[in-house]
Amino acid sequence: MADSNFIDYVKIHCRSGKGGAGSRHFYRAKYVPKGGPDGGNGGRGGHVILRGNKQMWTLLPLKFNRHVFAGNGQSGSGGRSFGKDGEDAYIEVPCGTVVFDAETGEFLCEVNDDGEEVKLLRGGRGGLGNWNFKSATNRTPRYAQPGEPAIERTVILELKLLADVGLVGFPNAGKSTLLSALSAAKPKIADYPFTTMEPQLGIVSYRDNRSFVMADIPGIIEGASEGRGLGLRFLRHIERNAVLLFMVPADAEDIAAEYRVLLSELEKFNPQLMDKQRVLAISKSDMLDDELISEIEPTLPDDIPHVFISAVTGTGLTQLKDILWGAITDERNQIATPSITHRPLDGHHRVREEDEFIFDTPEIPAEEECDEDFDEDFDDMDYDASWDMEMPEYDPRKD
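In this numbering scheme, every chain counts its residues from 1 along its sequence in written order. Owing to the predicted nature of the model, reporting of local features is limited to residues with pLDDT of at least 70; listing and counting of side-chain atom pairs is limited to 80 or more, with chain, interface and lining totals taken over all residues. With hydrogens and water stripped out, all remaining heavy atoms of the structure feed into the side-chain values.

### Side note on the pairing of strand 2 (residues 48-52)
For step 1, the next point in the chain: Among the 5 residues of strand 2, 4 are classified as buried, and the element is accordingly described as predominantly covered.
For step 2, the next point in the chain: Looking at chain direction, strand 2 and strand 4 (residues 89-93) are connected through 5 bridges and run parallel. Bridging from a neighbouring strand, arginine 51 pairs with glutamate 92 of strand 4. The buried label goes to any residue with under 20% of its type's maximum accessible area, the exposed label to any with over 50%, and the partly exposed label to all in between, with areas taken from a 1.4 Å probe on protein chains only. Under the DSSP-based scheme used, a helix requires at least four consecutive residues in state H or I and a strand at least two consecutive residues in state E, with every element numbered from the N terminus. For two strands to count as paired, DSSP must find a minimum of two bridges between them.

Below is the structure:
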């Protein structure tokens, strides 16, 4: 896999921008004695934001850019001038990317849709300038807030392919041949095991200009959930498929036994996969006659629809697409959200107005919302003391 361009796992180090410091400044002008405090607020630091991109199908670009830093916020200045906000850092990722903390392994967030933005790390808030702190009892505040520090984190990005149908089977079960027969995809096809070394996607045309996406997953062997064969590397791609198409060749010694082995490996990897719609396709059935088919059918599992197909002759492919489309439709009607879901941790939220994940930190008032007669007591302000600096004692003799 050293020369492959398909990268579905990468570790990167991210850092948001630190907030700019508030200004401690007093207005000075000719014929204006004691102009008063006019130090502006610091700008916020830049966020680190993940953005889904349907044009990407691999994490390869991030393999060569493993350090992502957002810009720092600038400090405020006199004349109530606010510092400039730091530049946000955007990370373009394929749809279906899941993010985990590299140290703890806990789930952080995921990106499933094209154009969806998820804030991975928020930038530090800018400090308040001294003009925010003046009041009737404190006319000349000689202090301002520093900006919040940056946040650093090492994260792991994993790509889980989003497809309507995922092909599950042992090596040389005919998965790649079926994908090439149903779609315009051209996967590598050979007569030796593990020909498919990376997942392949194809769009399957259906009636009335409808279509669905099919994913060819590298072959599974017994013990794959324990790391044998290609191991766990590609099993995670099956999690995001709405329907699982199990493929067992007609020349297998026991079709039902091979199906149960495949099902057992998936259950060991993730028990939630048992809730997905399943279809069984007996491939290479052009080698069977009607008498053999009638003998095999009673031995097949009763809890799963089955169909005999041949990707070479086209036998059963139309019936297979009908069954798959019905299963996809049922899955969409029954489950409004993915069967395997994660909830973002606090501090990681979609960058949308209607999203429920919102920071409960106060917003710094805009400059035009404040006037020179700002006379509220500082204790009544929506102010978080946890990011305050040490305040010097007020000395009236310096007025």
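The rest of the description comes next.
### Description of the sheet that holds strand 5 (residues 97-101)
For step 1, the next point in the chain: On the basis of which strands lie adjacent, the open sheet formed by 5 strands has the order 3-1-8-5-6 and mixed pairing. Of all strands in the sheet, those with a lone pairing partner are strand 3 (67-69) and strand 6 (107-111), marking the two edges. Strand-to-strand twist across the sheet, computed as the mean angle between neighbouring axes with direction ignored, equals 30°.
For step 2, the next point in the chain: In the sheet, strand 5 pairs with strand 8 (residues 152-159) via 5 bridges, with the strands oriented antiparallel. Among the inter-strand pairings, phenylalanine 100 is bridged to a residue of strand 8, identified as isoleucine 156. Fitted lines through C-alpha atoms serve as axes, helices being fitted only where they are in contact, and the angles separating the N-to-C directions of these axes extend from 0 to 180 degrees.

### Brief notes about the environment of glutamate 239
For step 1, the next point in the chain: As for its position among the elements, glutamate 239 is in the loop between strand 11 (211-216) and strand 12 (241-249).
For step 2, the next point in the chain: Glutamate 239 gets classed as buried once you look at its relative accessible area, which sits at 8%.
For step 3, the next point in the chain: Spatially, the C-alpha atom of glutamate 239 lies 9.2 Å from that of lysine 276, the residues being 37 residues apart in sequence.

### Concerning the state of the cysteines
As used in these notes, a disulfide is a covalent bond between sulfur atoms, one from each of two cysteines.
For step 1, the next point in the chain: In this description, a disulfide is simply a cysteine sulfur pair whose atoms lie within 2.5 Å. Scanning the model with the defined rule gives 0 disulfides in all.
For step 2, the next point in the chain: Here cysteine 14 stays unpaired: no disulfide links it, and the sulfur of cysteine 109, its closest cysteine neighbor, is 9.7 Å away.

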